[in-house]
Amino acid sequence: DAMVIQNPRYQVTQFGKPVTLSCSQTLNHNVMYWYQQKSSQAPKLLFHYYDKDFNNEADTPDNFQSRRPNTSFCFLDIRSPGLGDAAMYLCATTRSGSNYNEQFFGPGTRLTVL
Amino acid sequence: KQEVTQIPAALSVPEGENLVLNCSFTDSAIYNLQWFRQDPGKGLTSLLLIQSSQREQTSGRLNASLDKSSGRSTLYIAASQPGDSATYLCAAPRRGGGADGLTFGKGTHLIIQP
């Protein structure tokens, strides 16, 4: 089945130790998103790739970076995680222009910072 | 800037009741609106997407409506079951078509009592 896959599902890191979260998709969608969801809060968009074009949100901390080496994969890099970065990180995809851009989400990666 | 509000924040009802979850959004120039379900500690499952040309969309016991002129959407759940217990999130495109990402409400935490 076509889907959005996130690895790992659970990630524990130490304060200040870089971490990379992975997202892959078999939907061949051209747009990929990273959202951050803290406990009991709404998901918040960090950035997205429209094809190869990177679109950063104005309030996304510089600590957060992203890479998209090809259509299928997208990575979220947190250079120096702080305790406040503990959250669920959600990857989503869509095909622009089709079915009014319905977004499909992966299962998420829960990040714990010690 | 799109803002999404969901009422109520929490709801607890006995099994078998019909119920309505409410969502309001500030920017009505949207092409669609999505409803999601989130189980504790899990990712988002898309329930329904309503296109701007539609007024209603149905899937099983779920029915979602969209009124762009008033900036409102409702999710109707018929004959509720304990398995419906989850958080329900409403999401509207940040701008127009949605390829720029979604703005989420904080969700309605639903408990169905057996």
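Worth saying up front: this structure is predicted, and the values here are computed from it rather than measured. (Residues numbered from 1 in each chain as written. Chains lettered and ligands numbered in written order. Predicted model: local features only at pLDDT ≥ 70, side-chain atom pairs only at ≥ 80, totals over all residues. Heavy atoms only, no water.)

Q: How would you sum up the overall build of chain B? Please name residues and give values.
A: A count of helices and strands for chain B gives 0 helices and 11 strands. Relative to the globule expectation of 13 Å for 114 residues, the C-alpha radius of gyration of chain B, 13 Å, shows essentially globular dimensions. For chain B, the spread of C-alpha atoms along the principal axes amounts to about 40 × 30 × 20 Å. Here chain B, with 114 residues, has 48% of them falling under the buried criterion. Residue pairs at least 24 apart in sequence account for 54% of intrachain contacts in chain B once pairs closer than 6 positions are excluded. (Helix = DSSP H or I, 4+ residues; strand = E, 2+ residues; numbered from the N terminus. Rg over C-alpha atoms; globule rule 2.2 N^0.38 Å. Buried < 20%, exposed > 50% of the residue type's maximum accessible area, 1.4 Å probe, protein only. Contact = heavy atoms within 4.5 Å.)

Q: Mind laying out the interface of chain B and chain A, listing which residues take part and the relevant values?
A: Across the contact, 24 residues belong to chain B and 23 residues belong to chain A. Here chain B and chain A share an interface that buries about 1800 Å² over both sides, 52% of which is from carbon and sulfur atoms. Ranking the residues of chain B by area buried against chain A places B:L44, B:A99 and B:F104 at the top, with a combined share of 25%. When the shortest N-O distance is used, the salt bridge between A:E57 and B:R94 registers 2.5 Å. There are 7 residue pairs in polar contact (both at pLDDT 80 or more) connecting chain B and chain A. Class assignment of the residues belonging to the side of chain B that touches chain A gives a composition of 8 nonpolar, 12 polar and 4 charged. (Buried area = accessible area lost by both parts, 1.4 Å probe. Salt bridge = Lys/Arg side-chain N within 4 Å of Asp/Glu carboxyl O. Polar contact = N/O pair within 3.5 Å; in protein donor to acceptor, adjacent residues only side chain to side chain. Nonpolar A, V, L, I, M, F, W, Y, C, P; charged D, E, K, R; others polar.)

Q: Tell me what's going on with the nonpolar core, and back it up with residues and numbers.
A: B:L19, B:F25, B:L33, B:W35, B:L75, B:I77 and B:Y88 are the most contacted members of the largest nonpolar core, which has 22 residues in total. Residues contacting B:Y88, with those up to four places away along its chain left out, are B:Q6, B:L21, B:F36, B:R37, B:L47, B:L75, B:I77, B:G107, B:T108 and B:L110. Of all hydrophobic cores here, the second largest spans 19 residues; its members include A:V4, A:L46, A:F64 and A:V113. (Core = buried A, V, L, I, M, F, W, Y, C linked by side-chain atoms within 4.5 Å.)

Q: I'd like a description of the packing of aromatic side chains, backed by residues and values.
A: The full count for this structure, using the stated rule, is 10 aromatic pairs over all chains. For the ring pair A:F73 and A:F75, a centre distance of 6.3 Å and an interplane angle of 15° mean the geometry is stacked. Ring centres of A:F105 and B:F104 lie 6.0 Å apart, and the angle between their planes is 75°; on these two criteria the pair is classed as edge-to-face. With A:F105 in strand β10 (residues 104-105) and B:F104 in strand β10 (residues 102-104), this pair bridges two chains. Each member of the pair, A:F105 as well as B:F104, carries the same accessibility label: buried. One aromatic cluster is present, built from ring pairs that chain together A:Y33, A:Y35, A:F105, B:F36 and B:F104. (Phe/Tyr/Trp six-rings, centres within 6.5 Å; stacked < 30°, edge-to-face > 60°.)

Q: Break down the pattern of salt bridges for me, citing the residues and quoting the values.
A: Side chains bearing opposite charge may pair, as long as their charged atoms lie close to each other. Counted under the stated rule, the structure contains 5 salt bridges over all chains. Here A:K44 and A:D59 are joined by a salt bridge, their closest N and O atoms 3.2 Å apart. On the criterion of sequence distance, the pair formed by A:K44 in strand β5 (residues 44-50) and A:D59 in the loop between β6 (53-56) and β7 (64-67) is long-range, its members being 15 residues apart. Of the charged contacts in the structure, one is a salt bridge between B:R61 and B:D84, with a shortest N-O distance of 2.8 Å. Taken as a pair, B:R61 in the loop between β6 (56-59) and β7 (62-67) and B:D84 in the loop between β8 (72-77) and β9 (86-93) lie far apart in primary sequence, 23 residues in all. According to the relative accessible area criterion, B:R61 is partly exposed, its value standing at 29%. In this structure B:D84 comes out as buried when scored by relative accessible area, which is 7%.

The analysis is restricted to geometry; functional conclusions fall outside its scope.
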